[in-house]
2 protein chains.
Amino acid sequence: MPHPIFEQREFDSRLAQIRAVMASRGLDLLMVTDPCNIYYLCGYDGWSFYTPQVLLVPAVGAPAWVGRRMDVRGVGLTSCLSADDIIGYPEHLIQNEAETPYGFITQTIASRGWKPRRVGIEKQAYYFSVASFEILTATLPAAELVDASYLVNWVRFIKSPQEIAVMRQAARLLEAAMEAAISAIRPGVRECDVVARICAAQIGGVPEAGGVYCSTPALVMSGARADTPHLPWTDQPLAAQTTVNLELMGNRLRYQVPMGRTVVVGQPSATMLRLEAVALEVIDHMLRFIEPGMTCGQVSDETQRILRRHGIAKESRSGYSIGIAFPPTGGELTASLRAGDMTVLRPGATIHFLPAIWADGGSIVISEPLLVTGSGVECLCNVPRKLFHSQT
Amino acid sequence: MPHPIFEQREFDSRLAQIRAVMASRGLDLLMVTDPCNIYYLCGYDGWSFYTPQVLLVPAVGAPAWVGRRMDVRGVGLTSCLSADDIIGYPEHLIQNEAETPYGFITQTIASRGWKPRRVGIEKQAYYFSVASFEILTATLPAAELVDASYLVNWVRFIKSPQEIAVMRQAARLLEAAMEAAISAIRPGVRECDVVARICAAQIGGVPEAGGVYCSTPALVMSGARADTPHLPWTDQPLAAQTTVNLELMGNRLRYQVPMGRTVVVGQPSATMLRLEAVALEVIDHMLRFIEPGMTCGQVSDETQRILRRHGIAKESRSGYSIGIAFPPTGGELTASLRAGDMTVLRPGATIHFLPAIWADGGSIVISEPLLVTGSGVECLCNVPRKLFHSQT
């Protein structure tokens, strides 16, 4: 059936790129388990990755999805696959220690007449368990299983015009979420009530586009938690004097755009004002500095150079590639803005530039999602770049 | 430091139960990677499971968390572990093919003076990759690695009074979410706007308790999608005549309570009215039928018997154990209500009883989260049990 979102030629182009890499590595079958990669290759968008499922991509012929029988209908409704290429395993194979879906999956490989000799698997993928790997090893003894983690992820790195159009819609959702957050933050408001406003904006979106679930919950932290990156919000009221670090996302049709901003409740400290100046200097400078042809390592080095000039040592990377996102991460797990990363930025790459500083004395999270263009970078999102001060 | 939620003796009791199982299996170290299990054993609640992290539980002595250095502060703020037992690996080990966190983790085992001979690992866990497993195998050659998947999950099956109190709070969040959904559903409203209302209620919660992110997004499906279990909502308006299947959760301090309800927009068909009668009969009957001492298989058999009497064949299980939930699933991955499951229901078990029917002709999702008591079961949530009709 025609895909509900992307044209068939978009999927054809993606598959052709994957097969070129498969050929270069001598793979005659690729077993795709990362839900982002499955979505990229066939468009299937369902919350079924908590049970074993795989997209089998042979060197020649149509790919086939194999997963839980109750999800077959959902694959049919959301993917570009033909009904014959959507194969469900029966329910008794769920949580069954004696017999597993991966036995069924290897039978499916045989039943389609495929006799793969060199099979790419995703050893780093979140939803491909050690138990599944061991069963695959035992039931597909004639094949050499080689690690093809991130093979599809790397092809995803450069976005097509269709993908960029969707990411621009995601940026509108993110702007709505950021505005909801900043206008909700004031002393005495519970953190959870700020997040309720954020989620309603992320999902309700704008009249022309609604949002879907993000890969990562809104990160909204105040008080002692503001100096950490990954804790959940609480239901405690915001203090009269605190910093709130926001890291929010907009997700449109599984394409996700993230951004960080910091809001001060009460009087900003001298430290916070200094961190604001540094963060803005870094971002202003880097928006002019980055251009296609540079490596991610070069971008990191320049970012670090400016931070060091202000006496700031930042251990964590200052950004990563973004695009399709399912839980648990919004990063594509490929390019990172850090020392030594040799990835060359090319037009169509999309990067979350996140020169955030977490420290004991104070922390600030001001970031920008960027699109690499033919001549430099463009901010995908339009939110004032500054240290915000809360309503009182 | 004192844990912000549970008393230390609660954690002591949990650890003692785990160690009893470890001893029975001859394990001198358990490597816990499932974030639900880490939360259960030490209370750490952070969105850091997308990078390698582990709770090392020795047979004797304090457990230690090892993870990304930037998350050390967050573990300190949310867990019962001492600072000495929270160990961060440096940032360059993230996405580093040459050197990995699992090398650091095995070094940590040695540096603490542990020389484990038989180590339990979670081969089925979502966030323990094949790549990590291979490195562990290579760097811990003196130890026998044995599968201890679900060891902690099975201890979690029976809830303490403290846990049940938190689940009752989660049920209040769920009631708020369900009420928001049902009151928002009407012809012409976009599905995403219904979900925006649901999320705001799930998280904003009630005055005495706010919510956190759920393990699973709200499942809100109409039209052709209502006959599938796992597709995301869309931003299309609800039709004048459709069925909306809702599967929603409330999550309080990571304890999650789920529930399903079906709303008809427009005139209910004869099929839907028949399915409503069947679903209500099944649930009413089973609420009286279930008692402690029964096996999950017996509960399933009785459920199936009534469905069959109405000519309905249900392949999927009719429920599962619930409790702590991180993405990607709200199930505890232990007991299932299906044929042959020999798990005995005991007081303190909490079960999502979900005799949902998905079919071509129509589908209905009416379910109840249940607590097994000393004499039967109690519904954790109070939402009218019926086929709802939308506002017009």
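Cut-offs and rules
- Residues numbered from 1 in each chain as written.
- Chains lettered and ligands numbered in written order.
- Predicted model: local features only at pLDDT ≥ 70, side-chain atom pairs only at ≥ 80, totals over all residues.
- Helix = DSSP H or I, 4+ residues; strand = E, 2+ residues; numbered from the N terminus.
- Rg over C-alpha atoms; globule rule 2.2 N^0.38 Å.
- Buried ≥ 20, exposed ≤ 12 C-beta atoms within 10 Å, placed from the backbone.
- Contact = placed C-beta atoms within 7 Å.
- Core = buried A, V, L, I, M, F, W, Y, C linked by C-beta atoms within 7 Å.
- Axes fitted to C-alpha atoms, helices over the stretch in contact; angles between N-to-C directions.
- Parallel < 35°, antiparallel > 145°, perpendicular 65-115°, else oblique.
- Left-handed = near helix turned anticlockwise from the far one by under 90°.
- Nonpolar A, V, L, I, M, F, W, Y, C, P; charged D, E, K, R; others polar.
- Least-squares fit on C-alpha atoms with pLDDT ≥ 70 in both.
- Pairing = 2+ DSSP bridges.
- Domains from an automatic or database assignment.
- Expected span 1.5 Å × (residues − 1).
- Arc of directions from axis to C-beta.

Moving on, we come to the overall build of chain A. Summing up its helical and strand segments, chain A has 10 helices and 15 strands in all. Expected size for 392 residues packed as a compact globule is a radius of gyration near 21 Å; at 23 Å, chain A falls within 12% of this value. Across the 392 residues of chain A, 56% fall into the buried class. Residue pairs at least 24 apart in sequence account for 68% of intrachain contacts in chain A once pairs closer than 6 positions are excluded.

With that out of the way, let us pick up the nonpolar core. Among the nonpolar cores identified, the biggest contains 258 residues, and Leu-174 and Ala-181 of chain A together with Leu-174 and Ala-181 of chain B are the most heavily contacted of them. Aside from chain neighbours lying at most four places away, what touches Leu-174 of chain A is Leu-248, Met-249, Gly-250, Val-257, Met-259 and Cys-381 of chain A.

We now examine the packing of helix α9 (residues 270–289) of chain A against helix α10 (residues 296–309) of chain A. All names here are of chain A. The interhelical angle for the contact between α9 and α10, taken along N-to-C directions, is 150°, at an axis separation of 10 Å. Here α10 runs roughly antiparallel to α9, going by the angle between their axes. Of the two elements, α9 crosses α10, and the hand of that crossing is right-handed. Facing α9, whose interface residues are Val-278, Glu-281, Val-282, His-285, Met-286 and Phe-289, α10 presents Val-299, Glu-302, Thr-303, Ile-306 and Leu-307. The class makeup of the residues in the contact of α9 with α10 is 7 nonpolar, 2 polar and 2 charged.

The next subject is the interface of chain A and chain B. Opposite the 60 residues of chain A that make contact, chain B presents 59 residues. Within the residue set of the side of chain A that touches chain B, elements represented by two or more residues are α3 (72–78), α5 (130–139), α8 (191–204) and β11 (331–336) of chain A. A per-class count over the side of chain A that touches chain B returns 30 nonpolar, 18 polar and 12 charged.

Residues and elements named next belong to chain A. Checked against the element boundaries, Ile-324 lands in the loop between β10 (319–322) and β11. Measuring from C-alpha to C-alpha, the distance between Ile-324 and Arg-254 comes to 5.4 Å, with 70 residues separating the pair along the chain. Those residues in contact with Ile-324, other than ones at most four positions away along the chain, are Cys-36, Tyr-39, Tyr-40, Arg-156, Arg-254 and Tyr-255.

What follows concerns the relation of the copies chain A and chain B. Rotating chain A by 180° and translating it 0.0 Å along the rotation axis places it on chain B, where the RMSD comes to 0.0 Å. In short, the pair behaves as if placed about a two-fold rotation axis. Minimal C-alpha distance to the rotation axis in chain A is attained by Val-130 of chain A, lying at 2.5 Å. The share of interface residues of chain A whose copies in chain B are also at the interface is 98%, consistent with both copies meeting through the same surface.

Backbone hydrogen bonds hold the strands of a sheet together, and the pairing may be parallel or antiparallel. Residues and elements named next belong to chain A. Taken in spatial order, the 4 strands make up an open sheet running β7-β8-β9-β15, and their pairing is mixed. Edge positions in the sheet fall to β7 (219–222) and β15 (388–389), since each of these pairs with one other strand and no more. The pairing of strand β8 (residues 242–252) with strand β9 (residues 255–265) spans 11 bridges and is classified as antiparallel. Bridged to Glu-247 within β9 is Gly-260. On top of the sheet, α8 reaches β7 and β8; it is set at about 160° to β7, its chief contact.

With respect to the helices and strands, the residue Arg-19 of chain B is situated in helix α1 (residues 8–24). Placed 39 residues apart in sequence, Arg-19 of chain B and Pro-58 of chain B show a C-alpha to C-alpha distance of 8.5 Å.

Below, the discussion takes up the packing of helix α1 (residues 8–24) of chain A against helix α2 (residues 35–42) of chain A. Residues and elements named next belong to chain A. Two elements in contact, α1 and α2, have axes whose closest approach is 7 Å; the angle formed by their N-to-C orientations is 120°. On the basis of their axis angle, the class for α1 and α2 is oblique. Contacts between α1 and α2 involve Phe-11, Arg-14, Leu-15 and Ile-18 on the former and, on the latter, Tyr-40, Leu-41 and Cys-42. Along the lines of polarity and charge, the residues of the contact of α1 with α2 split into 6 nonpolar, no polar and 1 charged.

To continue, consider the domain arrangement of chain A. Residues and elements named next belong to chain A. Segmenting chain A into domains produces domain 1 (8–156) and domain 2 (161–389). Elements represented by at least two residues in the side of domain 1 that touches domain 2 include exactly α2 and α6 (151–156). Counting residues per element, the side of domain 1 that touches domain 2 draws most heavily on α2, which supplies 4 residues. Looking at the side of domain 1 that touches domain 2, its residues break down into 8 nonpolar, 1 polar and 3 charged.

All names here are of chain B. Taking 1.5 Å per residue, 17 residues should reach 24 Å; α1 reaches 25 Å between its end C-alpha atoms and fits that length. When α1 is considered as a whole, its buried residues turn out to be Arg-14, Ile-18 and Met-22. Down the axis of α1, the buried side of the element spans an arc of 80°, and every buried residue falls inside it. Across from the buried face of α1, at angles greater than 90 degrees, the exposed residues are Arg-9, Asp-12, Ala-16, Ala-20, Ala-23 and Ser-24. Buried-residue contacts for α1 involve β1 (29–32), α2 (35–42), β2 (54–58), β5 (118–121) and α6 (151–156). Residue Gly-26 follows α1 closely and has a positive phi angle near 70°.

Moving on to the pairing of β11 of chain A. Residues and elements named next belong to chain A. Where burial is concerned, most of β11 is hidden: 5 out of the 6 residues are buried. Pairing of β10 with β11 involves 2 bridges; the strand directions are antiparallel. Each residue of the ladder has a partner; that of Ile-322, found in β11, is Gly-331.

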